[in-house]
Each structure stands twice: as C-alpha cells, then as structure tokens.
2 protein chains.
Amino acid sequence: MTRPPLTPRAPGSQSALRARNRQRLREILADGPATQAQLSRSTGLSPATVSNIVAEMVDAGAATREATTSSGRRAWQVSLTASREVAVGVDIGRRHVRLVAATAARQLLGERFVPLPVGHTAQRTLAVAVEEYRALLEEIGRRNEDVIGVGVGIPGPIDQRSHTVIEGAILPEWVGIDLLPGLERAFNRPVRIGNDANLGALGEAHFGDHREVSNLVYIKVGTGIGAGIVVGGSLLAGALGVSGEIGHMGLQSSDVVCRCGNRGCLETVASTKSLLDNLRLAGRDVSTSEDIPRLAQSGDLAAIRFLEDAGRAIGEASGHLANILGPELIVVGGPLACLEAEFIAPLEASMRRHSVPLIRETVRVLPSSRGDLTEALGAVALILTDAE
Amino acid sequence: MTRPPLTPRAPGSQSALRARNRQRLREILADGPATQAQLSRSTGLSPATVSNIVAEMVDAGAATREATTSSGRRAWQVSLTASREVAVGVDIGRRHVRLVAATAARQLLGERFVPLPVGHTAQRTLAVAVEEYRALLEEIGRRNEDVIGVGVGIPGPIDQRSHTVIEGAILPEWVGIDLLPGLERAFNRPVRIGNDANLGALGEAHFGDHREVSNLVYIKVGTGIGAGIVVGGSLLAGALGVSGEIGHMGLQSSDVVCRCGNRGCLETVASTKSLLDNLRLAGRDVSTSEDIPRLAQSGDLAAIRFLEDAGRAIGEASGHLANILGPELIVVGGPLACLEAEFIAPLEASMRRHSVPLIRETVRVLPSSRGDLTEALGAVALILTDAE
C-alpha cells in the first residue's frame, strides 16, 4: 500500500516553495518592520533566500528596504508598504445589486446599492453592476488596477466547473449562462463567483462580530433558504461547489408540494416567498419581503403566527445541520433576521429541540452582525482569502 | 478593523517552526536519500538549520547520515531509516473489541478480534483490550516502544473536552467516564479517542479503495446510526468533537417515539436495533444484527421489506447530508452494508430523490471497502495523521 494523497502537501515546485516562503516573511512583517537578519533568524531561511524574496517584494512595490544599523552593525530594515489594493464585492439579489470595496486589512472603504426589477436579466444587471463599480472606484479614489479582484455573489447554487447557476427558481433568467468570462471582460479584473449563503458565512467570519469563531453556519432566509458553512476558518464548498442546500429538507409538519417536486420541503413553509403567499391568502396586502417585518412589528397576528411557524421549521433544519457539523455558532441572515421575538427565538428553541446533547447546550444562534452588507462583504472575503 | 485569525497560522514559536522545517525535510527524504546541500537548496533553509535538524533526526534514530562526494566535493548524504514504528487501532463495539496494527505506509501487520457480552463495562473491556494488545505486538514482533500511539474507537459521540462518552444508549455502562487517563495508563502509550463513524470515514479515506477521494461521508448503520465526514482529506470534527449525528433526523414517514424523546427519528426505523425489534414483532427468531442479513439472504419477506424501509429512511437522511456537504462519495458501513439489492439500492434511490440537482447526479453510494476492519483501521489513521 502506498501512502494516500490525503494531507494536502505543498507541491515541491520552486514557485510553490517561493510563495510559501514569501508568505512567511509577510506574516512576520505584518507585525512591524524587521531587519533581513531578523527575518532569517525567525524563519530559518538562509540570508540569501531572504534577500531574494525581499528584493522581489521591493520590485513589486509591496515592501521598502532601507539601510540601518542593528547592534552596531549595518543592516537592511524591511517594511511592508501601505497598499492601495482593494477587493470589490458584488452581491446580486433577486431585486438589487450591491457593491462594497474593502482592503486586505478588512477596512470597508465604500458601498453602492441599486434596486432592480424582479426578472432582471444577467445582461442588464451586469451593465448596472459595471456602472456602479466605476462610480464606487471614483468615490473611494482607486483605479481599476488597484482592484485585486471582484467577488460576485449569486442567489442559487453554482456549478463551479462551468460557473453557471444551476437551479432556476430564484433567478430563472440567469440559469445556464457561463458567467465568468462575461464578468471578467466587463470588470477587466479577475473574478470569483460564489453562492449568496456561502458568501454570507465568509462575510460573518471575516467582517462580522464573530471573527474568533472558526466553525460557523450562516443561514440565509430569503426567497430561497440556504446555508453557508465555515469550518476551521475556510468555506466548506463541497466537491463541486454545492453545499449547505437545506431548502429542500423535508419537514414532519408539512406536506405542501414544493417547486422541486417533493413534499414538505423547508422552503414551502419558511421562505419569504411562502410567507408572502400565506399572508396574501390571509388577505394581507403585501408585495415584497420587507413587508413581512413591517406587518409583524405593527402587531399583525397572521404575520406573527407565520413567522413563528417559519422560525420553528428553520430551527428543525438547523438542528439537523448543527448535529452534522457541530458548529460554534449559527448566524441567521436575510430580511427576517431583525425579528428577535417573532422569528429568531422560535427558531432557536426548535433548533435545540432537534439537536443532540452537547450541540443543544453549546451552539449559539444570532442574527447577522453586518445586516444587508454581509453577503457583499463575503464576496470581498472570497477575493482576499484567495490572495492570502 | 484588524485582520481576523481565520486562516490557521503556524504559531511563531521556535518549536512549531522547527517541527514545520523537520516535516519539510522528511517529505523530501521520503522520495529517497539527499545530501544536506540538496536539502538546503530545495527548502531555502540555511545549511546550519538543515544540519541541526538532520542531527536531531539522526539522534532520534529516524535518519542516518554518511560522508559521500557530490560534484567532486565532500558532502553528507542523509537517508530516512526503515522504521519499526507502528500505530495500533482499537475498535470497541457493543459486542466486540477488535485490534489492528499498521505502519505509516498503511501496511496492515496484524489483527485480533474478541466477542464481548452486551453490557460489558469499560473496566472489563479495557482489560481484554490490553491483553489482546500484548498478544498482537508479540504476533507482529514489535515492542511497546515501537507503538507511536493507540487510537481507540467508541460507538457514540465523545466530548473531546472531557474525553467522555456523551450519550448512553449504545454503551450506557461507559457514559461519563474520563477514558483517556485509564487508556494511556493501560497501554503506556499516547492514546487518542474517536467516535466509531468518524473512524470509519478515516479508515475509508486512508486504507480503503477510495483514497483519491478527498470529500467523503461514511454512514455507520448499527445499533445506532451516525456519519463520519472527511472534507479535503481531514476529519470534520465539529467545534467540540461532535459531528455527523444523523441518527435523530426526523423522517416524514415515521412518528415512532425515539429514545431521545422526539418522534420519527431515523434510528426508530433504520437502526439494527429497530430492525430486530420489528422482526421479533413479526414473529422471527432473531438475536443479533448478524441475523438480519442471514434472514434476508434466505428470502424472508419481512426482513427484506424492513431492510428496504430502513434503506429508504437512511437514503432520505443521506440526501440531506449530501445537500449540506456536497461529498463525492457516501460509504455505507455496518452489518447491513453487504446487502446490495435489499438495502444499498433503496438507500441510493432515496438519497437521489432527496438531493438537489448536481448532488443527485454526481454523488456515488458504495458499501465499505474494508468491511469489519474499517473502523479499527480508522483508529490507526487517527494516530498516523496526528504524527504526520
């Protein structure tokens, strides 16, 4: 039996080795300037290797080097240069496009928001996004060359082999289009595409209040319901890029037929679409998901009752999700997450009822700490984590 | 905003740095002997650093160093020594204890098996395991000092903070005992404890037929039902060591009261215990889980019918699990996994029915490739991956 290729090993190539060594120097320099001799001592790399890497970093404008003295001897002091680099996140929703720009140090520099009509096409939305992208860069005083990449969030599972949206209900007009080439042409920058719930999880982990947490789940409750999973600080993407698809988990309490063809799926009870359908059946005048919290906060009993049912159903699915993943934290995002008593509380109680001991006693449930911005910030994080 | 502590960074301590550098040398030497100068060139480490690490390895008996010439100059040639090191895996079941020993190269050297009475106590089983451990070492010609560690698999979730078995139904006599000190004293070696399903997943990934697969789920169907999850080659352990607990996922098709207090849990329909209970109600004379495949293979219609129900129920849970994790492969383990037509086929069909597109079309379902040995081999892998 030969040794399995399990633990990912750094390829032995010179370029991979150099990247690894460069990353080690950057980590040390992130804490402050150091001499080349200090860098050599704290990494075990030879002085010649350190000198070569520093020379490359200086050439690339990533570092500066100046002569100094250390313990009475001449030395080269190395400092990281303040960077003009930013990453841009684009969050495309069923009825909006939102852009944010942030630095590698997780500083938010600016944001833009444009409402879109339901049924917007990929082509039209792309044009709007590019216009807003230019306006955003102008606002924050950056050129296109300063953008290290553009992360784009799409509501729906994405086949990472073909970069296409798979399932049609949320953005049917977008299904099957190979998005990456068009996006890279439009922005003239490297682009990465992610599912909205996955990006929500990344956004919470990189820009949220819970950055000490390395195992978290972000549950996006919108027209669809999906989960983003961060394990050990990284996104759990699944073998083909599809993961966290809890929207069609079957509920014991429902047998409503779902768009997927099964019965009793979570989305038939707990998506904002199903809530709006139910409120209309109950004679309420509602048109967008923002109407749901508005009604509930005005004391509408039907809205409060439906939200509680939805919370309980999502809690059941969250309990199973937590049993499987054992996270520290479940973050709830989307337009209903602001409703603590009406939605988050029944969700949490039901999650605890459906989870095993230890999980039940330890997992926390909280609304998203970055609200509407979370997923766009996650799209930024998709670029930053790639570059790190 | 400061940079989040997300990507696990190697701690800056000298010992962590040294371990990392030592591992880099071992990786290169695994492909064959090299001179110290070659090691320095291919790692970027200074000749002094390389020389220090090699000296440590020679002192520890892990490498030999001999004078040679390279390009006409004197040089030190370094070779890894053939190792006598083994890891031992102990799989404790409700009615057995099994031991295996294997090398870091995944070579199985020997195994032992002892049936145990139901209701065996931790103390009694530990005594049996130690006796068998000594016999195993003698059989394979190794001393206790050659054992780099003993991995121990327990059926049931384990709180990795206290090293205690959490839930009582499978091994009630073991609940709440801090197992680690007793085990380390008994074997006089470092011990790691794992949940049986987690170890099954590790066993498949390290010793099974699917070692090229880096995302797999192992579903253990026994007296309880649990899943072990390997993502990117590593065990998904959860924040506290509990994960893959699918046994209490609620099924739409059942409302039988479960030992956990909820209704319709997977285990009420599909555990070997529930199958045995149902077969007894149907007047069949069964006592152990081995009787189930025996009955089914003899054409007993009740057994075949119950197995199909169980397969479908586990398939439903597997579909949700696959939607969440997006694995390449689901491996089914336990005494029923040998029943292709009666059990695996309905399980697979139901998994596909309950999974989203792309998952449905790509995930494979297979019986365990190492049979009864899988979990003990996983206990070995727990030690080996720790040491690597």
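Reading the values: rules and limits
Residues numbered from 1 in each chain as written. Chains lettered and ligands numbered in written order. Predicted model: local features only at pLDDT ≥ 70, side-chain atom pairs only at ≥ 80, totals over all residues. Heavy atoms only, no water. Helix = DSSP H or I, 4+ residues; strand = E, 2+ residues; numbered from the N terminus. Contact = heavy atoms within 4.5 Å. Areas by Shrake-Rupley, 256 points an atom, 1.4 Å probe, with all protein chains shown as cover. Least-squares fit on C-alpha atoms with pLDDT ≥ 70 in both. Pairing = 2+ DSSP bridges. Axes fitted to C-alpha atoms, helices over the stretch in contact; angles between N-to-C directions. Phe/Tyr/Trp six-rings, centres within 6.5 Å; stacked < 30°, edge-to-face > 60°. Buried < 20%, exposed > 50% of the residue type's maximum accessible area, 1.4 Å probe, protein only. Lys NZ or Arg CZ within 6 Å of the ring centre and 35° of its normal. Salt bridge = Lys/Arg side-chain N within 4 Å of Asp/Glu carboxyl O. Polar contact = N/O pair within 3.5 Å; in protein donor to acceptor, adjacent residues only side chain to side chain. Expected span 1.5 Å × (residues − 1). Nonpolar A, V, L, I, M, F, W, Y, C, P; charged D, E, K, R; others polar. UniProt positions renumbered as here; feature names shortened; annotations may be inferred. pLDDT = per-residue confidence, 0-100.

Novice: Could you clarify how one ought to interpret the overall build of chain A in this entry?
Specialist: The number of helices and strands found in chain A is 13 helices and 15 strands. Residue pairs at least 24 apart in sequence account for 60% of intrachain contacts in chain A once pairs closer than 6 positions are excluded. Split by element, the accessible area of chain A, about 15900 Å² in all, is 50% carbon and sulfur.

Novice: Quick question: what am I supposed to make of the relation of the copies chain B and chain A here?
Specialist: Applying a rotation about an axis and a shift along it to one chain copy brings it onto the other copy. In screw terms, the move from chain B to chain A is a rotation of 180 degrees and a rise of 0.0 Å along the axis, fitting with an RMSD of 0.4 Å. On the angle and the small slide along the axis, the relation comes out as a two-fold axis. Comparing interface residues between copies, 100% of those in chain B also sit at the interface in chain A, which points to an isologous, same-surface contact.

Novice: Can you walk me through the sheet that holds strand β14 (residues 329-333) of chain A in this structure?
Specialist: Hydrogen bonding along the main chain pairs the strands of a sheet, whether they run parallel or antiparallel. Residues and elements named next belong to chain A. Sheet architecture is open: 5 strands sit in the order β13-β12-β11-β14-β15, paired in mixed fashion. The open sheet has two edge strands, β13 (234-235) and β15 (364-367), and neither has a second partner. As judged from the 5 bridges shared by strand β11 (residues 216-221) and β14, these two strands associate in the parallel manner. Its bridge partner being in β14, Leu216 is matched across the sheet by Leu329. Against the sheet, helix α11 (residues 340-353) touches β11, β14 and β15, its axis set at about 160 degrees to β15.

Novice: Please clarify how the packing of aromatic side chains should be interpreted in this entry.
Specialist: Geometry of an aromatic ring pair is reported as the spacing of the ring centres plus the angle between the planes. Residues and elements named next belong to chain A. For the structure shown, the criterion picks out 2 aromatic pairs over all chains. Taken together, a centroid distance of 4.8 Å and an interplanar angle of 65 degrees make the contact between Tyr133 and Phe187 edge-to-face. Taken together, the residues span a long stretch of sequence, with Tyr133 in helix α4 (residues 122-140) and Phe187 in helix α5 (residues 179-187) at a distance of 54 residues. On the accessibility criterion, Phe187 (2% relative accessible area) is buried. Sitting over the face of the ring of Trp76, Arg65 holds its NZ or CZ atom 5.5 Å from the ring centroid.

Novice: Would you take a moment to explain the pattern of salt bridges for this structure?
Specialist: Pairing between side chains becomes possible if they bear opposite charge and their charged atoms approach one another. In the structure shown here, the tally under the stated rule is 39 salt bridges over all chains. Taking the shortest distance from any N to any O, the salt bridge between B:Lys220 and B:Asp196 comes out at 3.0 Å. In this pair, B:Lys220 sits in strand β11 (residues 216-221) while B:Asp196 sits in helix α6 (residues 196-207), placing the two residues 24 residues apart along the sequence. Exposure remark for B:Lys220: the relative accessible area of 15% places this residue in the buried category. Judged by its relative accessible area of 9%, B:Asp196 is buried. Taken together, the shared-partner salt bridges connect A:Arg84, A:Arg143, A:Glu145 and A:Asp146 into one network.

Novice: How should I be thinking about the side chain of A:Arg24 in this particular structure?
Specialist: Relative to the assigned elements, A:Arg24 resides in helix α1 (residues 14-29). Of the polar contacts made by the side chain of A:Arg24, one reaches the backbone oxygen of A:Thr43; its length is 2.9 Å. Not counting residues up to four positions away in its chain, the partners in contact with A:Arg24 are A:Thr43, A:Leu45, B:Leu17, B:Arg20, B:Asn21 and B:Arg24.

Novice: Can you help me understand helix α6 (residues 196-207) of chain A in this one?
Specialist: The end-to-end C-alpha distance of α6(A) is 15 Å, a good match for the 16 Å that 12 residues give at a rise of 1.5 Å each. Those residues of α6(A) not exposed but buried are A:Asp196, A:Ala197, A:Asn198, A:Leu199, A:Gly200, A:Ala201, A:Leu202, A:Gly203, A:Glu204, A:Ala205, A:His206 and A:Phe207.

Novice: Even after reading the chapter, I still don't get the interface of chain B and chain A, so can you show me in this structure?
Specialist: The figure often quoted for interface size is the accessible area lost as the parts come together. Facing the 73 residues of chain B at the interface are 75 residues of chain A. Where chain B touches chain A, the interface holds 14 residue pairs in polar contact (both at pLDDT 80 or more). Elements that contribute at least two residues to the side of chain B that touches chain A include exactly α1 (14-29), α2 (36-43), α6, β12 (225-231), α10 (301-325) and α12 (359-362) of chain B. Of all the elements, α1(B) adds the most residues to the side of chain B that touches chain A, at 6 residues. Class assignment of the residues belonging to the side of chain B that touches chain A gives a composition of 29 nonpolar, 28 polar and 16 charged.

Novice: Could you clarify how one ought to interpret the UniProt feature "domain: HTH marR-type" (unreviewed entry) in chain A in this entry?
Specialist: If you check UniProt for "domain: HTH marR-type" (unreviewed entry), the listed places come out as residues 25-74 of chain A in our numbering. Secondary structure across residues 25-74 of chain A divides into 52% helix and 24% strand, with the first and last C-alpha atoms of the span separated by 20 Å.

Novice: Mind showing me how you'd approach the confidence of the model for chain A here?
Specialist: Any segment with low pLDDT has predicted coordinates that should not be analysed in fine detail. This prediction gives chain A a mean pLDDT of 88; 94% of its residues lie at or above 70. Below a pLDDT of 50 lies the segment residues 1-12 of chain A, which in the model reaches 28 contacts outside its immediate sequence neighbourhood of four places, other chains included.

Novice: Could you clarify how one ought to interpret the sheet that holds strand β2 (residues 63-70) of chain B in this entry?
Specialist: Residues and elements named next belong to chain B. Pairing within the open sheet is antiparallel, and its 3 strands lie in the order β1-β3-β2. The open sheet has two free edges, formed respectively by β1 (34-35) and β2, since each of these has just one partner strand. Strand direction decides the pairing type here: β2 and strand β3 (residues 73-80), joined by 8 bridges, are antiparallel. Of the residues in β3, the one forming a bridge with Arg65 is Val78.

Novice: So what exactly am I meant to see when it comes to the environment of B:Ala379 here?
Specialist: All names here are of chain B. One can find Ala379 in helix α13 (residues 374-387). Take Ala379: its relative accessible area is 0%, and that puts it in the buried class. Distance from Ala379 to His120, taken between C-alpha atoms, is 21 Å for residues 259 residues apart in sequence. Once residues within four sequence positions are removed from consideration, Ala379 is found in contact with Val88, Gly89, Val90, Gly151, Val152, Gly153 and Leu199.

Novice: What should I look at first to understand the environment of A:Ala101 in this one?
Specialist: All names here are of chain A. By the secondary structure assignment, Ala101 is in strand β5 (residues 96-102). Sequence separation between Ala101 and Arg142 is 41 residues, and the spatial gap between their C-alpha atoms is 9.9 Å. Sequence-distant contacts of Ala101, that is, excluding residues within four places in its chain, are made with Ala87, Val88, Gln107, Leu108, Leu109, Gly110, Leu136 and Ile140.

Novice: What am I meant to see in unusual backbone geometry here?
Specialist: Negative phi characterises most residues that are not glycine, and trans characterises most peptide bonds. All names here are of chain B. Its identity as a non-glycine residue notwithstanding, Asn188 has a phi of 55 degrees, on the positive side. Relative to the elements of secondary structure, Asn188 occurs in the loop between α5 (179-187) and β10 (191-195). For Asn188, a relative accessible area of 54% gives the class exposed. Phi is positive for Leu358, which is not a glycine, with a value near 75 degrees.

Novice: Can you walk me through the pairing of strand β4 (residues 86-92) of chain A in this structure?
Specialist: Along a regular strand, successive side chains alternate from one face of the sheet to the other. Residues and elements named next belong to chain A. Of all 7 residues that make up β4, 7 are buried, and the element is covered over most of its length. Going residue by residue along β4, you find Val86, Val88, Val90 and Ile92 tucked away on one face and Ala87, Gly89 and Asp91 tucked away on the opposite face as well. Two elements, β4 and strand β7 (residues 147-154), share 6 bridges in a ladder whose sense is parallel. Within the sheet, the bridge partner assigned to Ala87 lies in β7 and is Gly149. With 6 bridges connecting them, β4 and β5 associate as antiparallel partners. Its bridge partner lying in β5, Gly89 is registered against Val100. Hairpin connection from β4 to β5: 3 residues lie between these consecutive antiparallel strands.

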